[in-house]
Amino acid sequence: MTAGRPPVVMLHGAFVGPWSFDEFRKPFEAAGYRVHAPALRHHDRAGHPPAALGATGLLDYAEDIEQVIAGIGEPPVLVGHSLGGLLAQILAARGRARALVLLAPCAPWGVLPSTLFEIASAQAMMLNGPLWNQVLKPDYRVAASASLDRLSDDDRKRAFAQFVPESGRATFEVMHWGWDARRASHVEASDVTCPVWCVTGQHDRINPPATVRRVAVRYGAVFEELPGHSHWLIGEPGWERIAARALAWLKGATAPAAGAPSRNGGPDARVEAHSHRAPA
């Protein structure tokens, strides 16, 4: 690890595991960062998952990651994709992050959806009955059309073969936050004081640009919409450029300076409350 570089914790999304960062982590490690990629609870099991997965919630995931961070000994940079991006926000509000790299992050409690696809997806989930205590199986059709849609057929099948079941409770807490009495996905925006870089793909339907922009505005974050990209930012063609952009932003956001780093990075960071379309 290069002296002065903070540790990095990469938080994977729903239905996947740490394997999803197998390639994306390499540029960070080559740049001198010590990278940790923990598995969310029950996401590292092959075969049939335990019934307890169905009732495992966002706060359970967050508490587990908080223990990982405690073992590291200092607040790390949290790199979160999709559901992992929401967990990163929750942990940052607890003071557990040096900086946030949010890749197509799920929105926290109170951020309204911006597209009919988001609304229809949430409604469709309710057709499965009381999903808040179910173990949800991955669906190839959904993954192929909305998450892995920028991959080749062969790469898409290889990636999906590694998908695992997901918690119905956690899914409910993300997609139906208005009905969640515990407000598990709630994040007090004023408590997120670290620098934040927020990015999503132009064609992302799961966490589309207009919704992710609302997340960025909550934190006064740098926001970028990437032309030609979809949801699988950590593995679809062009992911290397995304990793390079994240590393360039981190260099400014975590650079030693007189006093603590500003909320949105060092002297070279650009704070934007509006959409910035980065070159592909």
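The following refers to the structure shown. (Residues numbered from 1 in each chain as written. Predicted model: local features only at pLDDT ≥ 70, side-chain atom pairs only at ≥ 80, totals over all residues. Heavy atoms only, no water.)

What to know about the overall build of the chain
Phase 1: When its secondary structure is counted, the chain shows nine helices and eight strands.
Phase 2: Structurally, the chain occupies a C-alpha span of about 55 × 35 × 35 Å along its principal axes.
Phase 3: Scored against the burial criterion, the 280 residues of the chain give a buried share of 51%.
Phase 4: Taken together, the 28 basic and 27 acidic charged side chains of the chain have centroids lying 2 Å from each other. (Helix = DSSP H or I, 4+ residues; strand = E, 2+ residues; numbered from the N terminus. Buried < 20%, exposed > 50% of the residue type's maximum accessible area, 1.4 Å probe, protein only. Lys, Arg positive; Asp, Glu negative; His and termini not counted. Charge placed at Lys NZ, Arg CZ, Asp CG, Glu CD.)

A word on the pairing of strand β4 (residues 99-103)
Phase 1: By the criterion of burial, β4 is predominantly enclosed, with five of the five residues buried.
Phase 2: By the alternation rule, side chains of β4 split into A99, V101 and L103 and L100 and L102, which are all buried.
Phase 3: As defined by bridge partners, strand β3 (residues 77-81) adjoins β4 across five bridges and the pair is classed as parallel. If you follow G80 over to β4, its bridge partner there is L102.
Phase 4: Between the parallel pair β3 and β4, the chain is carried across by helix α3 (residues 83-93), and the sense of this crossover is right-handed.
Phase 5: Sheet topology places β4 next to strand β7 (residues 196-201); four bridges connect them, and they run parallel. Bridging from a neighbouring strand, L100 pairs with V196 of β7. (Pairing = 2+ DSSP bridges. Right-handed = clockwise from strand over helix to strand, strands pointing away.)

Overview of helix α2 (residues 58-72)
Phase 1: For α2, which comprises 15 residues, the first-to-last C-alpha distance of 21 Å matches the rise-based estimate of 21 Å (1.5 Å per residue) to within 8%.
Phase 2: For α2, the set of buried residues is L58, Y61, A62, I65, E66, I69 and I72. Each buried residue of α2 sits inside an arc of 140° when the element is viewed along its axis, so together they form one side. Those residues of α2 that are exposed and angled more than 90 degrees off the buried face are Q67, A70 and G71.
Phase 3: One or two steps after α2, the chain reaches G73, where phi turns positive at roughly 100°. (Expected span 1.5 Å × (residues − 1). Arc of directions from axis to C-beta.)

Side note on the environment of L151
Phase 1: Structurally, the position occupied by L151 is in the loop between α5 (140-146) and α6 (153-160).
Phase 2: As a C-alpha pair, L151 and E236 span 85 residues in sequence and 5.7 Å in three-dimensional space.
Phase 3: Those residues in contact with L151 that sit more than four places away from it in its chain are R156, A159, W232, G235, E236 and P237. (Contact = heavy atoms within 4.5 Å.)

Things to note about the sheet that holds β3
Through backbone hydrogen bonds, the strands of a sheet pair up, either in parallel or in antiparallel fashion.
Phase 1: On the basis of which strands lie adjacent, the open sheet formed by six strands has the order β2-β1-β3-β4-β7-β8 and parallel pairing. Strand pairing shows two members of the sheet lacking a second neighbour, β2 (35-36) and β8 (222-226), which therefore form its edges.
Phase 2: Strands β7 and β8 of the sheet are contacted by helix α8 (residues 209-219), whose axis makes an angle of about 175° with β7.
Phase 3: The strands touched by helix α9 (residues 239-253) are β3, β4, β7 and β8; relative to β4, the strand with the most contacts, the crossing angle is about 160°. (Axes fitted to C-alpha atoms, helices over the stretch in contact; angles between N-to-C directions.)

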